[in-house]
Amino acid sequence: MKILQDSYTDGFFDVSASHGFLPAAPPLAILPEPYGPLQELLDHMPVVKEDGTGGYLHYPGKIHEAAATLPNFLEQVTAEKDIRVIQALYRAYAFLTSAYTLEPAFQHFRDTGKYGKANTILPAQIAQPLVAVCDKLEVFPWLDYHYGYSLGNFKKIDPNGPLEWHNLSMCVRFSGQPDEAGFILLHVDINQFSPALVGSVMKALQSIQNNDLPAVEQALDDNLDTLTRMNIRRKEMWKASRWQHYNDFRVFIMGIKGNEEIFGDGVTYTGVWDTPQQFRGQTGAQDDIIPMEDIFSGVTNFYPKNELTAYLLDLRKYRPVVVQHFFNDLEAQVKDIHAEGMSGYLQQHNSATGLSRLLGILEQIYHFRNGHWQFVQKYIMANTPYAKATGGTPITSWLPNQITAVLQQMDAVLSLLDKMNVAPDEKGAQIIATNRSTLDHKKQLLAEQLSEVSQETYSADTIFSLNTKYGLSDQE
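Residues numbered from 1 in each chain as written. Predicted model: local features only at pLDDT ≥ 70, side-chain atom pairs only at ≥ 80, totals over all residues. Heavy atoms only, no water.

1. Focus on the overall build of the protein
For step 1, the next point in the chain: Of the regular secondary structure elements, the protein holds 19 helices and 6 strands.
For step 2, the next point in the chain: For the protein, whose C-alpha radius of gyration is 23 Å, the value lies close to the compact-globule estimate of 23 Å for 476 residues.
For step 3, the next point in the chain: Principal-axis analysis of the C-alpha atoms places the extent of the protein at approximately 75 × 50 × 45 Å.
For step 4, the next point in the chain: In the protein, which comprises 476 residues, the share counted as buried stands at 59%.
For step 5, the next point in the chain: Expressed as a percentage of contacts within the protein between residues at least 6 apart in sequence, the contacts between residues at least 24 apart total 76%.
For step 6, the next point in the chain: Accessible surface for the protein amounts to roughly 18300 Å². Of this, 50% is attributable to carbon and sulfur atoms.
For step 7, the next point in the chain: Averaging the coordinates of the 38 positive side-chain charges in the protein and doing the same for the 55 negative ones gives two points 2 Å apart. (Helix = DSSP H or I, 4+ residues; strand = E, 2+ residues; numbered from the N terminus. Rg over C-alpha atoms; globule rule 2.2 N^0.38 Å. Buried < 20%, exposed > 50% of the residue type's maximum accessible area, 1.4 Å probe, protein only. Contact = heavy atoms within 4.5 Å. Areas by Shrake-Rupley, 256 points an atom, 1.4 Å probe, with all protein chains shown as cover. Lys, Arg positive; Asp, Glu negative; His and termini not counted. Charge placed at Lys NZ, Arg CZ, Asp CG, Glu CD.)

2. A short note on the pattern of salt bridges
Side-chain pairs of opposite charge can arise where the charged atoms are in close proximity.
For step 1, the next point in the chain: Per the stated rule, a full pass over the model turns up 20 salt bridges.
For step 2, the next point in the chain: For Arg 357, the salt bridge identified is with Asp 221, shortest N-O distance 2.6 Å. Of the two residues, Arg 357 sits in helix α16 (residues 352-381) while Asp 221 sits in helix α9 (residues 213-234), which places them 136 residues apart along the sequence.
For step 3, the next point in the chain: On the accessibility criterion, Arg 357 (4% relative accessible area) is buried.
For step 4, the next point in the chain: As a salt-bridge pair, Asp 314 and Arg 280 come within 2.8 Å of each other at their nearest N and O atoms. One end of the pair, Asp 314, is in helix α13 (residues 307-314); the other, Arg 280, is in the loop between β6 (268-269) and α12 (289-297), and 34 residues separate them in sequence.
For step 5, the next point in the chain: Asp 314 gets classed as buried once you look at its relative accessible area, which sits at 11%.
For step 6, the next point in the chain: Look at Arg 280 and you get buried, because its relative accessible area is 6%.
For step 7, the next point in the chain: Via salt bridges that share partners, Asp 221, Asp 225, Arg 357, Asp 425 and Lys 427 belong to a single interconnected network. (Salt bridge = Lys/Arg side-chain N within 4 Å of Asp/Glu carboxyl O.)

3. Here's the deal with empty space enclosed by the protein
For step 1, the next point in the chain: According to the stated counting rule, one finds 3 cavities of 30 Å³ or more in the structure shown.
For step 2, the next point in the chain: Roughly 730 Å³ of volume is contained in the largest cavity.
For step 3, the next point in the chain: Around the largest cavity, the lining comprises 35 residues; the ones closest to its centre are His 187, Thr 283, Gly 284, Ala 285 and His 372.
For step 4, the next point in the chain: Looking at the lining of the largest cavity, the elements that each hand over two or more residues are α7 (178-190), α12, α16 and α17 (398-418). (1 Å grid on protein atoms, 1.4 Å probe; cavity = no way out; pocket = protein on both sides within 12 Å on 5 of 7 lines; lining within 4 Å. Points joined across faces, edges and corners; volume = space filled by probe spheres on them.)

4. Section: the nonpolar core
For step 1, the next point in the chain: One finds Met 45, Leu 102, Phe 174, Leu 205, Tyr 269 and Phe 326 to be the most contacted residues of the largest nonpolar core, which totals 162 residues.
For step 2, the next point in the chain: Broken down by element, the residue count for this core peaks at 16 residues, all from helix α4 (residues 83-112).
For step 3, the next point in the chain: If we skip the residues at most four places from it in the chain, Phe 326 touches Leu 4, Tyr 8, Val 15, Phe 21, Val 198, Met 202 and Met 292. (Core = buried A, V, L, I, M, F, W, Y, C linked by side-chain atoms within 4.5 Å.)

5. Thoughts on the packing of α12 against helix α14 (residues 321-337)
Helix packing for two helices is described by the angle between their axes and how far apart those axes are.
For step 1, the next point in the chain: Where α12 meets α14, the closest approach of the two axes is 9 Å, and the angle between their N-to-C directions is 15°. Here α14 runs roughly parallel to α12, going by the angle between their axes. Crossing hand, α12 versus α14: right-handed. Between α12 and α14, the contacting residues are Pro 291, Met 292, Ile 295 and Phe 296 on the first element and Phe 326, Phe 327, Leu 330, Glu 331 and Val 334 on the second.
For step 2, the next point in the chain: The residue makeup of the contact of α12 with α14, split by class, is 8 nonpolar, no polar and 1 charged. (Axes fitted to C-alpha atoms, helices over the stretch in contact; angles between N-to-C directions. Parallel < 35°, antiparallel > 145°, perpendicular 65-115°, else oblique. Left-handed = near helix turned anticlockwise from the far one by under 90°. Nonpolar A, V, L, I, M, F, W, Y, C, P; charged D, E, K, R; others polar.)

6. Observations concerning the environment of Gly 266
For step 1, the next point in the chain: Take Gly 266: it is sitting in the loop between α11 (260-263) and β6.
For step 2, the next point in the chain: Owing to a relative accessible area of 6%, Gly 266 belongs among the buried residues under this scheme.
For step 3, the next point in the chain: Through-space distance from the C-alpha of Gly 266 to that of Ala 118 is 9.6 Å; in sequence the pair is 148 residues apart.
For step 4, the next point in the chain: In contact with Gly 266, not counting residues within four places along its chain, are Thr 120, Ile 256, Pro 276, Gln 277 and Gln 278.

7. Examining the packing of aromatic side chains
For step 1, the next point in the chain: For the coordinates displayed, the defined rule picks out 28 aromatic pairs.
For step 2, the next point in the chain: Aromatic pair Phe 12 and Phe 13: ring centres 4.9 Å apart, planes at 90°, arrangement edge-to-face.
For step 3, the next point in the chain: The buried category is assigned to Phe 12, whose relative accessible area is 2%.
For step 4, the next point in the chain: Measuring from centroid to centroid gives 5.3 Å for Tyr 35 and Phe 73, while their planes differ by 70°, and the two rings are edge-to-face. With a gap of 38 residues between them, Tyr 35 in the loop between β2 (14-16) and α1 (36-43) and Phe 73 in the loop between α2 (62-68) and α3 (74-79) connect regions that are remote in the sequence. Residue Tyr 35 shares its accessibility class with Phe 73, and that shared class is buried.
For step 5, the next point in the chain: Each residue in the set Phe 183, Trp 238, Tyr 246, Phe 249, Phe 375, Tyr 379 and Phe 464 is aromatic and connected to the rest through ring pairs, giving one cluster. (Phe/Tyr/Trp six-rings, centres within 6.5 Å; stacked < 30°, edge-to-face > 60°.)

From the geometry alone we can't say anything about function, so treat these as descriptive.
Encoded structure:
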């Protein structure tokens, strides 16, 4: 049987019960010498700088003028061995790459309300060191969620304060406005609970190895409680980043792949490749919390076989190699436990309490995804007619695809509980009763929303209001 390691680390990330999905140490806030000119460019890059004045991105074409004088640090980057410096360099060059290519699209949006065409030629002084540092990290040369925009891009305002979004600041920024900071730093905030979540998954699988059913049930309970706390924190997005201001920075996190309207055939990396390249953009779908829970709980067994699921699995490649290894080992061990995964194991051991906790976990996965779907309805669909997400996926069908899989597994677990001849504990009985009474509402909500989306012209406000109709509003 495949056994999970206690830790999956590359020196920067350490997937474990100690660090979860967060870096093992805080990211470097600024680049060391000899990269002063690059750091100075980044400091002056945001639309609004820290002193309130306009930066390079505020003025059409200014970022291109500034980048033209940037030295090519390829030799120094190639020689770097410190993983924290390598990560900070990746963050720097990935931000600069997005700013340099997407600045024309941003300016066009400011003028017309529609995304314009990107600049598709990346100069050698950006392209060559970017690709060199990406080779060291084994990542694609485009802004990502882990090393780049989010989990590797925070610093505490009060060093002794909590790891919460209002006490965090971005190391590198596009808009420079509070809504951009709140949007991405809330993801860091949520991940402060990931050590406990990863620990509960590891504990559950270890307890199965030890044939300790009570410990398995307790680990599932811990997993449920942690995921519930994460969901509560996730809902703070509505105040951390106002949906009306998402377009202040959204275009800068667009990927090349799937966004042909912006990038055409792709981006040419001067001095690296002769042909245009395409890579997916930064997206919260690259976060690790729900993908881990999908594997652990068995939602992956209910993924439909379609192009949308193919997109979802493709995003696994846009994660650090250590996270990919963790997911692969987790998937292998869950399959080794039972052909039907965790639900099959719990049924085999006649654990109604364990199955009730699994149902509760699935409910929290649903709330994560349905809450994210509500973010899409307000932050994207109500703001722009552009139909692609930053990762290059279609916005109106991407999340419903995964929500459907979760609802199907919730049905399956309830069916298993119907067949059991033992009762769960009191907490489990409440979880089961709640989900029996609300599952149909969840299905009806999604069906009505998909019906509205299928219309030639749809109303984002109508779709969003249906959440309240069925008592599933994320803001309540």
